[in-house]
Amino acid sequence: MASPRTPRPSAGPGRPGVRPSGGGVLNVFSHGILVLWALMVGVPLLWVLWSAFKDSSGILTDPWGLPTVLHWENWSNAWNEANMGRYFVNTAIVVGGSVTGTMVLGSMAAYVLARFTFPGNRFVYYLFVAGMSFPVFMLVIPLFFVMRDFPGTSLLATYHGLILVYIAYSLPFTVFFMTAFFRTLPTSVAEAALIDGASHTRTFFQVMLPMAKPGLISIGIFNFLGQWNQYLLPMVLNQQEDKYVLTQGLAMIALQQGYENDWGALMAGMVIAMLPVLVVYAVFQRQVQAGLTSGALK
Amino acid sequence: MQHGKYRFIVGFLAPPLLVYAVFVVSPFVQAFQISLTDWSGLVGTARFVGADNFVRLWESEEFWNALRHNVYMLALVPLVTLALGLFFAFMLNVGGRRRPNQVVAGVAGSRLYTFVFFLPQVISITIIAVIWFNIYNPDPDDGMLNSLLDAVGLEGLQNAWLGEKSLALWCISAVMVWGHVGFFVVLFSAAMASIPRDVYEAALLDGAGRSHTFFRITLPLLWDTVQTGWVYMGIIALDAFALVQIMSVNMGGPDGATDVMPLRLYLTAFRDSQYGFAAAMGVAMLVVTMAFAVLTLRFARRERIEY
């Protein structure tokens, strides 16, 4: 980027600070469109927040109005009456377990595939990567029966069942991403550790994983967002209400909403469900954007 | 080579591979198998019926209706989303005020715009569906869109939105566009950042304006990214399950006007217990998705530009 100390004589006759004509007008126009789109995106989300403090009749009859009285009871109603507290805990358990599991299993597989030559290496790698192109809709019917008829016990509507499925469906991209990442790491450090007598397992956990931290953070955020917002898999595999995750609970309340229902609590529930991802996004904005867009370029 | 290498490889590879094989690979294989039976979900009741389900699918007016809606979305949603994404990314990165010592510049506050535009991408689709359900609420006083139109004196444009047969599908498509534009702004911004600045400099010296710069330089150099984005957005347009399930009147209504393939599959399997028939729909969806991806990548291919 050009610094102020190196002015370009070719850029026009004006003194520094004088704009070329025409730019200003276009800018008002372009800024106008950008502001308009920002409002179209931002206002509906802010609307959820301010509606979470209104009562049902206020939300329905005056959708744009700001709350006149702050209805704090919406939050306790959402947490207790509408079971959002329970759904939140369910989601936290499942996502906590599955993000951890995805990271551990994903980086184990990726490390072996990236750093060791053995017969079948390419086959296993492409088997994982092919999973990115299977449409999940095609898999849900057989998956439902794999879970229901699992040897020993049904995995439907259990925490460990959902955790295993989330891990399995996150592995293709995680292995793809982490294999590429492990390939970029220098080999000398790991070799030194091996020569010093460390086992492969010890080298992996004490040398390679700490070095792979930036990659682990990106892919960890990617998996957290995807699994926290997952809708289809729990809809099919988790049809028991006390095991519902947040997305299911919200969809159920929204689908049943009638005039007698508590809209204020629904809005508060939506804020509760959004809060963790918004915090992660606000803190890790750059990594989130980079991670999600690299997912598209698989 | 080293001691214990193979034991280590097997020990590290077996657990992830096992989980993946049981929950992803085996369902993939079984999907084809189930699609050739009349399975209703009870163990031992499946009968091999060959291609019957596919014949039935071919003759199913309902399925063609759903497929047609997916094709409408496939034609429109990626086009509008990518066009808006390109337009915003260009404005944010190149369209800014040209200072005397700067050839290309983003507009002021581009980081804030990108932050806001990208927000829908991190929020659950369920929440997006509930928000837009309220925006489209047909009541002239309750609905956010209708009351906004009233407030600015455009009562004539008020509508039943999701309750209107001719509008409902487009209303849902608009939500898809709304949710993904920010994603492409980020994607295209990253691609634009890798275009060397002296290319723009040369164009400027030759007297190229903004639109010339965009169509002659930015777009051709971004073509690879646009193509991948097109496939990605097309696959999203072939889904639409959560939006239709939560927002549409009577799941896919009014009168089937918003029905889509994934919703058909879901209802056929988990409401009607016709698992064999639904699995055939799944196989059909795989074929449609693959055909779309292959055709796009084939017809959109251009001479690759090196720089």
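Everything numeric in this text was worked out from a predicted model, so none of it was measured.

A. Molecular detail of the packing of aromatic side chains. All names here are of chain B. Enumeration according to the criterion identifies 51 aromatic pairs over all chains in this entry. Aromatic side chains Y113 and F117 sit 6.0 Å apart centroid to centroid with 45 degrees between the ring planes, which places their arrangement in the tilted category. Here Y113 pairs with F117, and both are found in helix α4 (residues 110-122), just four residues apart, close to one helical turn. Just as Y113 is buried, F117 falls in that class too.

B. How the structure looks around the side chain of N223(A). All names here are of chain A. Structurally, N223 is set in helix α10 (residues 213-228). Overall, N223 belongs to the buried group, its relative accessible area being 4%. Beyond its immediate stretch of four places on either side in the chain, N223 contacts V99, T102, M103, S170 and T174.

C. The UniProt feature "transmembrane region" (unreviewed entry) in chain A, seen in detail. Taking the numbering used here, the UniProt-annotated feature "transmembrane region" (unreviewed entry) corresponds to residues 25-50, 87-113, 125-147, 159-182, 203-225 and 263-284 of chain A. In residues 87-113 of chain A, helix accounts for 100% and strand for 0%; the two terminal C-alpha atoms are 37 Å from one another.

D. Representation of a nonpolar patch on the surface. Residue and element names in this part refer to chain A. A contiguous nonpolar patch, built from I217, L275, V279, V283 and F284 and spanning about 420 Å² of accessible area, is present on the exposed surface. At three residues, the largest contribution of residues to the nonpolar patch is made by helix α13 (residues 263-283). The exposure class assigned to V279 is partly exposed, which follows from its relative accessible area of 47%.

E. Spotlight on the pattern of salt bridges. Residues and elements named next belong to chain B. Applying the stated criterion to the full structure yields six salt bridges over all chains. R271 is the salt-bridge partner of D272, the closest N and O atoms lying 2.8 Å from each other. A network of salt bridges, in which partner residues are shared, links E62, D259 and R264.

F. Just the interface of chain A and chain B, in detail. Between chain A and chain B, the residue contacts involve 108 residues of the former and 97 residues of the latter. Taken as a group, W37(A), F137(A) and M138(A) account for 9% of the area that chain A buries against chain B, more than any other trio of residues on that side. Counting every contact that joins chain A to chain B gives zero salt bridges. Among the residues making up the side of chain A that touches chain B, the classes are represented as 84 nonpolar, 19 polar and five charged.

G. Focus on the nonpolar core. Residues F182(A) and F23(B) are the most contacted members of the largest nonpolar core, which totals 204 residues. Here the element with the most residues in this core is helix α7 (residues 168-193) of chain B; it accounts for 16 residues. Residues in contact with F23(B), not counting those within four places in the same chain, are L143(A), V146(A), M147(A), F150(A), L155(A), L164(A), V165(A), A168(A) and Y169(A).

H. View of the confidence of the model for chain A. Residues and elements named next belong to chain A. Of the residues in chain A, 88% reach a pLDDT of 70 or more, and the chain-wide mean stands at 83. When mean pLDDT is compared element by element in chain A, helix α4 (residues 84-115) scores highest at 94, while helix α2 (residues 56-61) scores lowest at 75. Under a pLDDT of 50 for its full length, residues 1-25 has, in the predicted model, 16 contacts with residues more than four places off or in other chains.

I. Examining the packing of α4(B) against α7(B) more closely. All names here are of chain B. Between α4 and α7, the shortest axis-to-axis distance is 7 Å and the interhelical angle comes to 130 degrees. With respect to α7, the axis of α4 lies oblique. Handedness of the crossing formed by α4 with α7: left-handed. Facing α4, whose interface residues are T114, F117, F118, P120 and Q121, α7 presents W178, G179, H180, G182, F183, V185 and V186. When its residues are assigned to classes, the contact of α4 with α7 shows seven nonpolar, five polar and no charged.

J. Inspection of the confidence of the model for chain B at higher detail. Residue and element names in this part refer to chain B. Residues with a pLDDT of 70 or more make up 92% of chain B, whose mean pLDDT is 85. Averaged pLDDT values over the elements of chain B bottom out at 81 in helix α8 (residues 197-205) and peak at 92 in α7. The ipTM assigned to the predicted complex is 0.86, against a pTM of 0.86.

How each quantity is defined
Numbering of residues starts from 1 in every chain and runs along the sequence as written. Here every chain gets a letter starting at A, and every ligand a number starting at 1, in the order they are written. In view of the model being predicted, local features appear only for residues whose pLDDT reaches at least 70, and side-chain atom pairs are presented and counted only at 80 or more, with totals across whole chains, interfaces and linings using the full set of residues. Side-chain figures throughout are based on the complete set of non-hydrogen atoms in the structure, without hydrogens or water. Aromatic pairs are defined between Phe, Tyr and Trp rings, using the six-membered ring for Trp, whenever the two ring centres lie within 6.5 Å; interplanar angles under 30 degrees are classed as stacked, those over 60 as edge-to-face, and all others as tilted. A run of DSSP states H or I qualifies as a helix once it reaches four residues; a run of E qualifies as a strand once it reaches two. Both are numbered from the N-terminal end. Only protein chains enter the area calculation, which uses a 1.4 Å probe; residues under 20% of their type maximum are buried, those over 50% are exposed, and those in between are partly exposed. Contacts: residue pairs with any heavy atoms within 4.5 Å of one another. UniProt positions are given in the numbering used here, feature names are shortened, and annotations may be inferred rather than shown by experiment. Each patch is built from residues lacking any salt bridge and having more than 30% relative accessible area; the joining distance is 9 Å for like charges and 5 Å for nonpolar side chains (Val, Leu, Ile, Met, Phe, Trp, Tyr). All accessible-area figures derive from a Shrake-Rupley calculation using a 1.4 Å probe, and residue coverage is judged against the displayed protein chains alone. For this analysis, a salt bridge means a side-chain nitrogen from Lys or Arg found within 4 Å of a carboxyl oxygen belonging to Asp or Glu. We define buried area as the total accessible area lost by two parts upon association, computed with a 1.4 Å probe and summed across both. As a working rule, the residues Ala, Val, Leu, Ile, Met, Phe, Trp, Tyr, Cys and Pro are called nonpolar, Asp, Glu, Lys and Arg charged, and the rest polar, with Gly in that last group. Definition used in this section: a nonpolar core is a set of buried Ala, Val, Leu, Ile, Met, Phe, Trp, Tyr and Cys residues joined via side-chain atoms within 4.5 Å. Confidence of the predictor at the level of single residues is given by pLDDT, which spans 0 to 100. Axes, fitted as lines to C-alpha atoms, cover a helix only where it is in contact. Angles between the N-to-C directions of the axes lie from 0 to 180 degrees. Orientation is classified from the angle alone, with under 35 degrees giving roughly parallel, over 145 giving roughly antiparallel, 65 to 115 giving roughly perpendicular, and any other angle giving oblique. Definitions for this section: a left-handed crossing has its near helix turned counterclockwise from the far helix by less than a right angle. A right-handed crossing has that turn clockwise.

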